[in-house]
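# Coordinates in review
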Amino acid sequence: MSLGHTLLGLLEDHPSHGYDIKRVYDERFGHDRPLHYGQVYATLSRLLKNGLVEVDAVEAGDGPERKRYSITEAGVTDVGAWLARPESPEPYLQSTLYTKVVLALLTGRAAADILDTQRGEHLRLMRELTRRKLDGDLADQLVCDHALFHLEADLRWLELTSARLDELAVAVRR
């Protein structure tokens, strides 16, 4: 995800202070990984330097001056182009799990145990996400569904790999 484009999109509705941008971001997208203030202000600084935002107002406060940022026409164009561009699918062609399975086979360790442990971890996370869906709003439900579908695909791969483990062992030892 492009943090810069996300902040631009949030600014398109109305000018905001960095603190408010962070709050809205965390409410909408940061359930599992909230932003640090440093990320927000470093990104806003880069967007300002690139002409995609401007300082709309400066207000005195108890601490440092508070800058209110607004998106520029160039920023609106940039975020529009980003929204229209499709994301590259992430095929995970070289996963850490696959590497662990092959290394276990190469070193005489129990690759089946690795797959079983991973299956258990996937199922644990799937139960957690399913509980989270029950309590979440529509946005949270959709995020959880996205993760659950990926985990289901991973489980299918785990089952397929378990079924073909002997064949894979022969292939990697050649």
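Note that the coordinates shown come from a computational prediction; the quantities given were computed from them, not determined experimentally. (Residues numbered from 1 in each chain as written. Predicted model: local features only at pLDDT ≥ 70, side-chain atom pairs only at ≥ 80, totals over all residues. Heavy atoms only, no water.)

### Here we look at the pairing of strand β2 (residues 53-59)
Bridging between β2 and strand β3 (residues 66-71) involves 6 bridges; their strand directions are antiparallel. Bridged to Glu54 within β3 is Ser70. Connecting β2 to the antiparallel partner β3 that follows it, the hairpin turn spans 6 residues. (Pairing = 2+ DSSP bridges. Helix = DSSP H or I, 4+ residues; strand = E, 2+ residues; numbered from the N terminus.)

### Examining the side chain of Ser16
Relative to the elements of secondary structure, Ser16 occurs in strand β1 (residues 16-17). Relative accessible area serves as the criterion here: at 8%, Ser16 is assigned to the buried category. In terms of polar contacts, Ser16 uses its side chain to reach the side chain of His14, at 3.3 Å. Ser16 has contacts with Leu11, Ile21, Lys67, Arg68 and Tyr69, leaving out every residue within four places of it along the chain. (Buried < 20%, exposed > 50% of the residue type's maximum accessible area, 1.4 Å probe, protein only. Polar contact = N/O pair within 3.5 Å; in protein donor to acceptor, adjacent residues only side chain to side chain. Contact = heavy atoms within 4.5 Å.)

### Re the sheet that holds β1
Sheet architecture is open: 3 strands sit in the order β1-β3-β2, paired in antiparallel fashion. Looking at the sheet topology across the chains shown, the edges are occupied by β1 and β2. Along the sheet face, helix α1 (residues 3-13) touches β1, β2 and β3 and points at about 90° away from the line of β3. The sheet strands contacting helix α3 (residues 37-49) are β2 and β3, and the helix crosses β2 at an angle near 120°. (Axes fitted to C-alpha atoms, helices over the stretch in contact; angles between N-to-C directions.)

### Structural notes on helix α8 (residues 165-172)
Every buried residue of α8 is listed here: Leu165, Leu168 and Ala169. Down the axis of α8, the smallest arc covering the buried residues is 105°, so these residues share one side. Across α8 from its buried face, at more than 90 degrees, point the exposed residues Asp166 and Val170. Where α8 is buried, its residues contact α5 (96-106), α6 (111-135) and α7 (138-163). (Arc of directions from axis to C-beta.)

### Section: the environment of Leu165
Mapped onto the secondary structure, Leu165 falls in helix α8. The class of Leu165 is buried, set by a relative accessible area of 11%. In the structure, Leu165 is positioned 17 residues away from Leu148 in sequence and 25 Å away in space, judged by C-alpha atoms. The contacts of Leu165, once residues within four sequence positions are left out, are Val101, Leu105, Ala111, Ala112 and Leu115.

### Topic: the pattern of salt bridges
Inspection of the entire model under this criterion finds 11 salt bridges. In this structure, the salt-bridge partner of Arg119 is Glu159, at a minimum N-O distance of 2.5 Å. Highlighted residues: Arg119 in helix α6 and Glu159 in helix α7, separated in sequence by 40 residues. In this structure Glu159 comes out as partly exposed when scored by relative accessible area, which is 42%. What you see here is one network of salt bridges that share partners, running through Asp20, Arg23 and Glu27. (Salt bridge = Lys/Arg side-chain N within 4 Å of Asp/Glu carboxyl O.)

### Description of the pairing of β3
Here β1 pairs with β3 via 2 bridges, running antiparallel. Bridged to His17 within β3 is Arg68.

### Focus on the packing of aromatic side chains
Applying the stated criterion across every chain, the model contains 2 aromatic pairs. With a centroid separation of 6.0 Å and an interplanar angle of 10°, the aromatic rings of Tyr19 and Tyr37 are classed as stacked. Separated by 18 residues along the polypeptide, Tyr19 in helix α2 (residues 18-28) and Tyr37 in helix α3 bring together distant segments of the chain. Sitting over the ring of Tyr37, Lys22 keeps its end group 5.1 Å from the ring centre. (Phe/Tyr/Trp six-rings, centres within 6.5 Å; stacked < 30°, edge-to-face > 60°. Lys NZ or Arg CZ within 6 Å of the ring centre and 35° of its normal.)

### Here's the deal with the layout of surface pockets
A volume near 1900 Å³ is recorded for the largest pocket. Taken together, 45 residues line the largest pocket, and the ones lying closest to its centre are Arg33, Glu90, Tyr92, His146 and His150. Of all the secondary structure elements, the ones that give two or more residues to the lining of the largest pocket are α1, α2, α4 (73-84), α5, α6 and α7. The biggest single contributor to the lining of the largest pocket is α7, with 12 residues. (1 Å grid on protein atoms, 1.4 Å probe; cavity = no way out; pocket = protein on both sides within 12 Å on 5 of 7 lines; lining within 4 Å. Points joined across faces, edges and corners; volume = space filled by probe spheres on them.)

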